[in-house]
Amino acid sequence: MSIGERLKIARPAARLSQRGLAEAAGVSAMAISKYERDLDMPSSGVLIRLARALDVKTEFFLRPVTVTVSAPAYRRRTSLPRKQERAIIAQIQEWLERYLDVESFFGGPPEFELPPDLNRRVTSLDEVERVAIELREGWDLGLAPIESLVEVLEDHGIKVGLIEGHQDADSPNPSDSLTLWADETMPVIVVKHTDSRSPRVPGDRQRFNLAHELGHLVLEIAEGVDEEAAAYRFAGAFLVPEPVARFELGDRRQTLSLHELHLLKHKYGLSMQAWIYRAKDLGVISESAATQLFREFRRKGWHREEPGDQIPPEEPERMKRLVLRAMAEDLISRSRVAELLGMPLAQFYQEEAEQ
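Computed from a predicted model, the values in this text were never measured in an experiment. (Residues numbered from 1 in each chain as written. Predicted model: local features only at pLDDT ≥ 70, side-chain atom pairs only at ≥ 80, totals over all residues. Heavy atoms only, no water.)

**Q** Any chance you could explain the overall build of the protein here in plain terms?
**A** Scanning the protein from N- to C-terminus turns up 16 helices and five strands. Since a compact globule built from 355 residues should have a radius of gyration of about 20 Å, the 23 Å found for the protein is in line with a globular shape. Across its three principal directions, the C-alpha atoms of the protein cover 70 × 45 × 45 Å. In the protein, once contacts between residues fewer than 6 apart in sequence are set aside, the share between residues at least 24 apart is 70%. Total accessible area computed for the protein in this model is approximately 17100 Å², and 49% of it derives from carbon and sulfur atoms. Looking at the protein, you have 47 positive and 58 negative side-chain charges, and the mean spots of the two groups are 5 Å apart. (Helix = DSSP H or I, 4+ residues; strand = E, 2+ residues; numbered from the N terminus. Rg over C-alpha atoms; globule rule 2.2 N^0.38 Å. Contact = heavy atoms within 4.5 Å. Areas by Shrake-Rupley, 256 points an atom, 1.4 Å probe, with all protein chains shown as cover. Lys, Arg positive; Asp, Glu negative; His and termini not counted. Charge placed at Lys NZ, Arg CZ, Asp CG, Glu CD.)

In structure tokens:
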């Protein structure tokens, strides 16, 4: 990949126009245009200033690994503005190149494949429950709470990327999660890490978004079945399978205790409101009982932020471990470590200590 092509990746990720980048790097907009079209080559001094303006290492322009990323499929959701979509794709592409680069030291990325005997086709929402359990069995997860959903996904060839919640005037509330494909074979689930309402997206919301996107990857939906409803049902069923939900709640209830829901939320990483949906979907409580509970959540503002202490969001750790392993085995230098991590090593250690 040429320096011009890399500029066209990094500039949208930094959310800069050609003129904005030119001003930040101390060159003309015409020069940026020529660099991006590979009609001219920046000098080493200009390359350093471009890297500083784009907040990337100079090694980024010379990286051998390249990857193509598809545009996200929005299904029924409101699509992102083109400018914001390009910025997200550019961020993910740059991060994936670093990820695949370090994976190349250890045999490459794990292949994404579902259990061969998994029956993915569903002709009703109730059949989603079966698929969720079969996938858990195929991935040797059993029925116990999943400690780290991010780790499960990455262990099975699905890359998980975090993005910041954008504050653009065009789209103050972007989608919480998206699925893209890298090189047409590697699924990438992108989830929002922070937004305008909270410094960090709650972990239960993040986990549900991840499981929801997994549902879209796994399920084969028959005609007449609502695809989004099936993916939402899968998310709840994958995080809390039906036998587990019935064990915790019983087969039939008049209502659910708010304190009970809070405890279950922290045991399984599934929000209180999602537990209400699970109870309703499985017939443990009636539609009217669920409506009454949701009405109470909305009246008290709990539909935005649930009461009690929050579950921290999960952090993808696999890439970090691989980079540190490569450094420990003297496969890469400390400067290369910083380039792959996207930050100085001292900053990385400080951030890890603060988590």
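**Q** What's the story with the confidence of the model for the protein in this structure? I'm lost.
**A** In low-pLDDT regions, the fine details of the predicted coordinates are not to be read closely. When pLDDT is averaged along the protein, the result is 89; 92% of the residues meet or exceed 70. Low pLDDT, under 50, characterises residues 166-174; the stretch is placed with 22 contacts to residues that sit more than four places away or in other chains. (pLDDT = per-residue confidence, 0-100.)

**Q** Explanation requested: the packing of aromatic side chains in the structure shown.
**A** Each aromatic ring pair is described using two quantities: the centre-to-centre distance and the angle formed by the ring planes. Taken as a whole and assessed by the stated rule, the structure comprises 11 aromatic pairs. Residues F112 and W181 carry aromatic rings whose centres are separated by 6.3 Å and whose planes lie at 65 degrees to one another, so their mutual orientation is edge-to-face. Placement of the pair is F112 in the loop between helix 5 (82-103) and strand 1 (121-122) and W181 in strand 3 (residues 177-182), with a sequence separation of 69 residues. On the basis of relative accessibility, which here comes to 18%, the residue F112 falls in the buried class. Residue class for W181 comes out partly exposed when judged on its relative accessible area of 31%. Residues F348 and Y349 carry aromatic rings whose centres are separated by 5.7 Å and whose planes lie at 55 degrees to one another, so their mutual orientation is tilted. Here a set of aromatic residues connected by ring pairs shows up, and it is made of W139, F234 and F238. Cation over ring: R136 sits above F238, and NZ or CZ is 5.6 Å from the ring centre. (Phe/Tyr/Trp six-rings, centres within 6.5 Å; stacked < 30°, edge-to-face > 60°. Buried < 20%, exposed > 50% of the residue type's maximum accessible area, 1.4 Å probe, protein only. Lys NZ or Arg CZ within 6 Å of the ring centre and 35° of its normal.)

**Q** Got a minute to help me understand helix 4 (residues 44-54) in this structure?
**A** Residues separated by three or four positions in an α-helix point in the same direction, a consequence of the helix having 3.6 residues per turn. By the burial criterion, the buried members of helix 4 are V46, L47, L50, A51 and L54. Projected down its long axis, helix 4 shows its buried positions confined to an angular sector of 140 degrees, all on one face. Downstream of helix 4 by one or two residues, D55 has phi in the positive range, about 60 degrees. (Arc of directions from axis to C-beta.)

**Q** What is the right way to look at the packing of helix 12 (residues 272-281) against helix 13 (residues 287-299) in this model?
**A** Packed helices, taken two at a time, are described by their axes: the angle between them and the distance between them. Contact geometry for helix 12 and helix 13: axes closest at 9 Å, N-to-C directions at 170 degrees. Overall, the two elements helix 12 and helix 13 adopt an arrangement that is roughly antiparallel. Judged by residue contacts, M272, Q273, I276, Y277 and K280 of helix 12 engage E287, A290, L293, F294 and F297 from helix 13. Within the contact of helix 12 with helix 13, the residues separate by chemical class into seven nonpolar, one polar and two charged. (Axes fitted to C-alpha atoms, helices over the stretch in contact; angles between N-to-C directions. Parallel < 35°, antiparallel > 145°, perpendicular 65-115°, else oblique. Nonpolar A, V, L, I, M, F, W, Y, C, P; charged D, E, K, R; others polar.)

**Q** Teacher, can you tell me more about unusual backbone geometry here?
**A** Across residues other than glycine, the phi torsion is negative in most instances, and most of the peptide bonds are trans. With a phi close to 60 degrees, D38 is a non-glycine residue in the positive phi region. Position of D38 relative to the elements: it lies in the loop between helix 3 (29-36) and helix 4. For D38, a relative accessible area of 42% corresponds to the partly exposed category. Here the phi dihedral of D183 falls at roughly 50 degrees; this positive angle occurs in a residue that is not glycine. Looking at the secondary structure, you find D183 in the loop between strand 3 and strand 4 (186-194).

**Q** Any chance you could explain the side chain of E97 here in plain terms?
**A** Among the structural elements, E97 can be located in helix 5. Since its relative accessible area comes to 0%, E97 is described here as buried. In this structure the side chain of E97 is engaged in a polar contact, spanning 2.5 Å, whose partner is the side chain of R6. (Polar contact = N/O pair within 3.5 Å; in protein donor to acceptor, adjacent residues only side chain to side chain.)

**Q** Mind showing me how you'd approach the environment of A22 here?
**A** Relative to the helices and strands, A22 resides in helix 2 (residues 18-25). Since its relative accessible area comes to 2%, A22 is described here as buried. Excluding anything up to four places from it in sequence, A22 contacts V27, S28, A29 and I32.

**Q** Please clarify how the pattern of salt bridges should be interpreted in this entry.
**A** All chains considered together, the criterion is met by 25 salt bridges. Ionic pairing is found between D126 and R233, a salt bridge with its closest N-O pair at 3.0 Å. Placement of D126 in the loop between strand 1 and helix 6 (127-138) and of R233 in helix 9 (residues 227-239) is noted, with a sequence separation of 107 residues between them. When its relative accessible area of 55% is taken as the criterion, D126 is described as exposed. (Salt bridge = Lys/Arg side-chain N within 4 Å of Asp/Glu carboxyl O.)

**Q** I keep staring at the layout of surface pockets and nothing clicks. Help me out?
**A** Once rolled over the atoms, a probe with the size of a water molecule shows which space is left empty. Each pocket or cavity is described by its volume, and for the largest pocket that value is around 1400 Å³. Elements with a minimum of two residues in the lining of the largest pocket: helix 1 (3-13), helix 5, strand 2 (159-164), helix 14 (318-328), helix 15 (334-341) and helix 16 (345-354). Counting residues per element, the lining of the largest pocket draws most heavily on helix 5, which supplies seven residues. Split by residue class, the lining of the largest pocket holds 20 nonpolar, seven polar and 13 charged. (1 Å grid on protein atoms, 1.4 Å probe; cavity = no way out; pocket = protein on both sides within 12 Å on 5 of 7 lines; lining within 4 Å. Points joined across faces, edges and corners; volume = space filled by probe spheres on them.)

**Q** Is there a simple way to think about the nonpolar core in this case?
**A** For soluble globular proteins, the rule of thumb is that nonpolar side chains tend to be buried together. Counting 54 residues, the largest nonpolar core has L135, L214, F234, F238, W275 and I285 as the members making the most contacts within it. Non-local contacts of F234, meaning those with residues more than four positions away in its chain, are made with V128, V131, A132, L135, A211, L214, G215, V218 and L219. Membership of the second largest hydrophobic core comes to 28 residues, among which are L96, M186, V323 and M327. (Core = buried A, V, L, I, M, F, W, Y, C linked by side-chain atoms within 4.5 Å.)

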